[in-house]
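Listed below are the residues making up each chain.
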Amino acid sequence: MGGSVPTLLSNDAASCIAVAERMIALGTLDGSVYILDFLGNEVKEFPAHTAAVNDLSFDIEGEYIGSCSDDGSVVIHSLFTDEKMKFDYHRPMKAIALDPEYSRKTSRRFVAGGLAGHLYFNWKKWLGYRDQVLHSGEGPIHAVKWRTSLIAWANDAGVKVYDAANDQRITFIERPRGSPRPELLLPHLVWQDDTLLVIGWGTSVKIASIRTSENNGTNGTYRQIPTASMNKVDIVASFQTSYYISGIAPFGDSLVVLAYIPGEEDGEKEFSSTIPSRLGNAQRPEVRVVTWNNDELATDALPLHGFEHYKAKDYSLAHSPFSGSSYAGGQWAAGDEPLYYIVSPKDVVIAKPRDAEDHIAWLLQHGWHEKALAAVEAGQARSELLDEVGSRYLDHLIVERKYAEAASLCPKLLQGSASAWERWVFHFAHLRQLPVLVPYIPTENPRLRDTAYEVALVALATNSSFHKDLLSTVKSWPPVIYSALPVISAIEPQLNTSSMTDALKELMKPDIFEFIEKHNLHDAICEKVVQLMMLDWKRAVSLFIQNKDLIPPAEIVSQLLAARNKCDSRYFLHVYLRSLFEANPHAGKDFHDMQVELYADYDPKMLLPFLRSSQHYTLEKAYDISVKRYLLREQVFILGRMGNSKKALAVIINKLGDIEEAVEFVTMQHDDELWEELIKQCLNKPEMVGVLLEHTVGNLDPLYIVNLVPNGLEIPRLRDCLVKIITDYRTETSLRHGCNDILKADCVNLLVKYYKEARRAVCLSSEGEDARAKSEGEEGDITGDVLYVNFIADLAARFKGLLLFIEHRYYGESFPFGLKNHTFQNASISGYLSSEQALADYAQVITDVKKTYQQRIAQLLQLELHMVEVMLASWFRLKYPHIIIGALASSAPILYFEDITPQDGYHAVVSKDFKNTSDSCYNTIKKSWSEIDRVAAEPNGLLTLGKTFNVCRYNQDLDASKLITRTQGPLEYIYMVSAQYDNPPDYYVENLCKAIDAVPQGTDILGRLAAGLNSFLLSSFSFPFFSPLNHYIILIIFQTCTELVIPMGVDNNDTMFQISPFDLKNYTKSCQETFGITPRPYWDIKSVLGNFASNIIFSNGLRDPWSSGGILEDISDSVVAIHTDEGAHCLDVLSPNATSDPAWLVAQRDKEIKIIAFWLAEYYAKLSSKIGDRTG
């Protein structure tokens, strides 16, 4: 048992256990009683005694727990109130039993006994509690059990049974001859039912039947004799064992015995002394299932810690309450199987009856995979187990190198599971045995991802002995399920070589798509939509979308609809319209009704995201389709959008049967009538009432629901639900009080901080402005990025790659040469601050990691993706293509150099973002610059300006130009950062413009601007303020004076910023005066990429100002550009969020994943080819 048990027993030892219907009680040697749930989690602790707890007893309701101890006391605790009773008997007490109806009766009866030899019968009277000695004089009381009105106890003489209802003793059963003394090996008593008493003592088992005398009545019936006549006792079974009995319990028509096997040498010595031996030679205890005739049905040795040091009396056995009637025909009713708890000083082990799945697991454990598979197929276990058994069977065949046999079994074992097929396709590819699996790979039902088929074809293409198989496979597989590009890439190196076969010659035909692009024949393909789609739909779709102005979507849809008899035109429509929607959600809006049906047919999982993203489909048609396809969650969403919340709720409750989702749906609707409807529908389903009670805490008063429940309605687990509600309410109340205290303190602290900041001047020198303009490239330590770029972590997990974060030599904690301010003392140190040195550092680290961990991660380092300050990622792939497979450069302004990108590119994108959001906001900002100059020129204008924007305290000597700079600099910074990081869900540009536009009409421009900015900054707690004076700024300025000369300025009046052109001559002069170096402003990076680059993804969001200097068009087949209209800076590599990420962002990441998967397939193909050449 896990949960809290290992911790509890680490510093204590278990001494006894009791089991009730809903909980477990565990006693320890230190005198504590722990109440646990069935997972072992601690619910309560009672420090009941000062010495070892010897016995525990629950009442039948599980509301009270009684315990007795060597300290001479009996303590009874209520589990749900603070009630506690303690009785002192001044001699060690060894056994206790509560009246089964203890909680129902006011008499509060119990029996207890111990070393004094008295069996005390205690009950409550008017003036207090009274003890009656039921029996004494025959030695200590060792065990006592109470069932209905019958009390059985054991002492040195034997076992006696007493009828409490009639105050008479019924029988006496003598102690077995030759059994060890009871204090050394305890007797064990357990009631199997109301009339059967099972006794286990030493090596003897007896079953006593206490039966009622019956006399014939009239008409052949029987009349019941009063309980007083219930005095006939028969021993219905008796046998001897070859082991000592440490515990016994009923098991249907059989018995469960906890067997202690004595050692060969100490069988007689085992119980010769009261001091147990600790020589460490005991055997493992065993759980045995035996019949009443001692026929053994099952045996299991127990994996207990320290068993070799324990004696028979160190163990105990308890079983959970269960109904004997549930056991019929040798089978337990579902959910009613008994559980058995075996306790040793340091362990609690749970045992339960074996089932068919246990048998199958046993077959697998012993390597009989075929028998296990046959058992599953015969229906002896749930069908879901077939996946596990099949996977284990295939693993076994792979280990035995029986690849062909494993491949032939895949259709039978994997059946219609696409994920399982894909997993084994890649596993066979990893083992270089994929060709044997290719004939069995399904092309429909299920249909796999494109990558799986492409990897399979590449495996055939890279080995000349499989070229005929490649040709037949290409002819038999539908061309729509894969892209020909990876296959062509694998075949091209073999052309005009000895590997060139006739099959390859037949495969290699002129590429029509390259021909179209090369000769600019886009006008000529307007009538060839269907033919191009049938040839290669992936490339055709890409071609159509890139040229949608020449080939409008309506024309493509028309041609595909007209070709229904020639091909799977509906699927072609689906993939085209899906890609069109991903590229531009509004371009194909006229066909969104059609898309709903296409998604329902071909990609139902993506229908709901489409419904959420699109605004151009007819709700009624979409609802009809979802009803016909039985798409329940889609029905709920559409009904909610149509305003029919009650019907949507009915679908959730009656069809989905998900009460938790129903509560969440109602909570989001903010409609009190809908809560009434939810409660009304749940009242007809008792099993849902309890769940509703649990999940409405915090939304609805549970008492309101309880009052509506009809009298007499049986609600499953009602008591547990109420206990949980009370517990949750207390927890919630406590948390609210705590949170309120914290919130009050934080509000006060933040208000004080804001007040101080608002009164403080914002100083930003011209040098600071330049530094700020160049600092936005994540140049800093890696600890922040590790938390946010989780898309890279997802890629590593998806492709089983090693995720390696490397900190820059200067931008981080790993600063070389000691103190950070020593960098520019001499050229020998500052010379290392260059992109070339950074690339060399990364290359060295990666190489060393590979060498150091080669054996341990040989399979992980198949893919290395680098996010190295965005621009360095692409440069690294250019300079060290032998070290990494590819690079993902997110938002890299790699073209932002002199004579390549206009200097106002950054500011132009910022202006476009604001203008597209709000014309009035854009105009307010654009007019503000001249207004600042105008106000500053007026008498006392500087004072007015300073107070308006909280620039600083009034200072008569403050230079006007400095005040204006200190006002305009932070404003530019806020606008630029708002646009650059305009990511969901913050959307800074939209919120900033809303704040500015919300200022009352009639307010002057500067007043409107200041009030809007003040409101925006107070509400945007996540706004990224960067300090312009930190250590990294000097480093960045140094690099912009050497190799990263990014010409940012405004040289025209087309933006919302004031004119401030970039002057290369003055810039060069400043660098020479500061560092004594001359900048290198010109880089012919575009031609380098076109001639030498491969496997680079340049991803950009067009709302990111840096996209103006990014790669926005494909340079080659492997140097590709992916951009989105709505994305901002580095958004694609940030942590994915399944609930808030828009569809276009998900699509962008999917494209990147597919390209990387293609790189991998190509890499594996080349690697396989090289290895084949070497071994061949």
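Residues numbered from 1 in each chain as written. Predicted model: local features only at pLDDT ≥ 70, side-chain atom pairs only at ≥ 80, totals over all residues. Heavy atoms only, no water.

(A) Molecular detail of the state of the cysteines. Summed over the entire model, instances satisfying the criterion amount to two disulfides. Should the bonded cysteines of the chain be numbered as they appear in the sequence, the pairing reads 1-2, 3-4. Cys68 forms no disulfide, and the closest cysteine sulfur to it belongs to Cys16, at a distance of 7.4 Å. Residue Cys68 is classed as buried on the basis of its relative accessible area, which comes to 0%. (Disulfide = S-S within 2.5 Å. Buried < 20%, exposed > 50% of the residue type's maximum accessible area, 1.4 Å probe, protein only.)

(B) How the structure looks around the nonpolar core. In this structure, Phe428, Leu437, Ile441, Trp477, Met533 and Phe544 are the most contacted members of the largest nonpolar core, which totals 78 residues. When residues in this core are grouped by element, the largest group, eight residues, is from helix H8 (residues 450-461). Apart from the residues lying within four places of it in its own chain, the contact partners of Met533 are Ala540, Val541, Phe544, Leu560, Phe572 and Val575. Counting residues in hydrophobic clusters, the runner-up holds 41 residues, among them Phe581, Leu607, Leu619 and Ile638. (Core = buried A, V, L, I, M, F, W, Y, C linked by side-chain atoms within 4.5 Å. Helix = DSSP H or I, 4+ residues; strand = E, 2+ residues; numbered from the N terminus. Contact = heavy atoms within 4.5 Å.)

(C) Representation of the packing of aromatic side chains. The full count for this structure, using the stated rule, is 26 aromatic pairs. An angle of 35° between the planes, with centres 5.9 Å apart, marks the rings of Phe121 and Trp146 as tilted. Of this pair, Phe121 sits in strand S11 (residues 119-125) while Trp146 sits in strand S13 (residues 143-147), and the two are 25 residues apart along the sequence. Given the relative accessible area of 8%, Trp146 is considered buried. The rings of Phe581, Tyr599, Phe610 and Tyr617 are connected pair by pair, giving a single aromatic cluster. A cation over a ring is seen here: Arg1080 above Trp1083, with NZ or CZ 3.6 Å from the ring centre. Directly above the ring of Phe791 sits Arg1149, whose terminal nitrogen or CZ lies 5.6 Å from the centroid. (Phe/Tyr/Trp six-rings, centres within 6.5 Å; stacked < 30°, edge-to-face > 60°. Lys NZ or Arg CZ within 6 Å of the ring centre and 35° of its normal.)

(D) A look at the pairing of S13. Here S13 pairs with strand S14 (residues 150-154) via five bridges, running antiparallel. Paired with Lys145 across the bridge in S14 is Ala152. Counted between consecutive antiparallel strands, the loop separating S13 from S14 contains two residues, among which Thr148 sits at a positive phi close to 50°. (Pairing = 2+ DSSP bridges.)

(E) A look at the packing of helix H5 (residues 403-414) against helix H6 (residues 418-430). Between H5 and H6, the least distance of the axes is 11 Å, while the angle of their chain directions is 170°. In this view, H5 runs roughly antiparallel relative to H6, as classed from their interaxial angle. On H6, the residues that touch Tyr403, Ala406, Ala407, Cys410, Pro411 and Leu414 of H5 are Ala420, Trp421, Trp424 and Phe428. Along the lines of polarity and charge, the residues of the contact of H5 with H6 split into 10 nonpolar, no polar and no charged. (Axes fitted to C-alpha atoms, helices over the stretch in contact; angles between N-to-C directions. Parallel < 35°, antiparallel > 145°, perpendicular 65-115°, else oblique. Nonpolar A, V, L, I, M, F, W, Y, C, P; charged D, E, K, R; others polar.)

(F) Structural context of the side chain of Lys160. Following the sequence through the fold, Lys160 ends up in strand S15 (residues 158-163). In terms of polar contacts, Lys160 uses its side chain to reach the side chain of Glu138, at 2.4 Å. If near-sequence neighbours (up to four positions away) are discounted, Lys160 is found in contact with His135, Glu138, Ile151, Ala152, Trp153, Asn155, Arg169, Thr171 and Phe172. (Polar contact = N/O pair within 3.5 Å; in protein donor to acceptor, adjacent residues only side chain to side chain.)

(G) Region of the structure containing the pattern of salt bridges. Applying the stated criterion to the full structure yields 22 salt bridges. Between Lys538 and Glu454 there is a salt bridge; the shortest N-O distance is 3.1 Å. One end of the pair, Lys538, is in helix H14 (residues 537-546); the other, Glu454, is in helix H8, with 84 residues separating them in the sequence. Its relative accessible area of 8% is what places Glu454 among the buried residues. Taken together, the salt bridges that share partners define one network made up of Glu61, Glu101, Arg104 and Lys105. (Salt bridge = Lys/Arg side-chain N within 4 Å of Asp/Glu carboxyl O.)

(H) Layout of the pairing of strand S4 (residues 42-46). Across four bridges, the pairing between strand S3 (residues 33-36) and S4 is antiparallel. Each residue of the ladder has a partner; that of Val33, found in S4, is Phe46. Remark: five residues form the turn of the hairpin made by S3 and S4, two consecutive strands paired antiparallel; Gly40 in that turn has positive phi of roughly 95°.

(I) The arrangement of the confidence of the model for the chain in detail. Per-residue confidence for the chain gives a mean pLDDT of 79; residues scoring 70 or more make up 82%. For the chain, helix H27 (residues 766-775) is the element with the lowest average pLDDT, namely 31, and strand S10 (residues 110-114) is the one with the highest, namely 95. Ignoring residues within four places in sequence, the model shows residues 270-279, a span with pLDDT below 50, making 18 contacts including any to other chains. Ignoring residues within four places in sequence, the model shows residues 323-334, a span with pLDDT below 50, making 14 contacts including any to other chains. (pLDDT = per-residue confidence, 0-100.)

(J) Region of the structure containing helix H3 (residues 369-377). Taken together, the buried positions of H3 are His369, Ala372, Leu373, Ala375 and Val376. Here the buried residues of H3 occupy an arc of 160° about the axis, which is enough to place them on one side. Exposed and facing more than 90 degrees away from the buried side of H3 are Glu370 and Lys371. (Arc of directions from axis to C-beta.)

(K) Here's a closer look at the sheet that holds strand S6 (residues 64-69). Strand order in the open sheet formed by four strands is S5-S6-S7-S8, and the pairing between neighbours is antiparallel. Each edge of the open sheet is held by one strand with a lone partner, namely strand S5 (53-58) and strand S8 (84-88). Averaged over all pairs of adjacent strands, the angle between their axes in this sheet comes to 15°, without regard to strand direction. The pairing of S5 with S6 spans five bridges and is classified as antiparallel. Within S6, the position partnered with Ser57 by the bridge is Gly66.

(L) The arrangement of the packing of helix H4 (residues 385-399) against H6 in detail. In contact at an axis separation of 13 Å, H4 and H6 are set at 10° when each is read in the N-to-C sense. Classified by the interaxial angle, the pair formed by H4 and H6 is roughly parallel. Taking contact as the criterion, the partners of Ser391, Leu394, Asp395 and Ile398 in H4 are, on H6, Trp424, His427 and Phe428. Across the contact of H4 with H6, the residue classes break down as four nonpolar, two polar and one charged.

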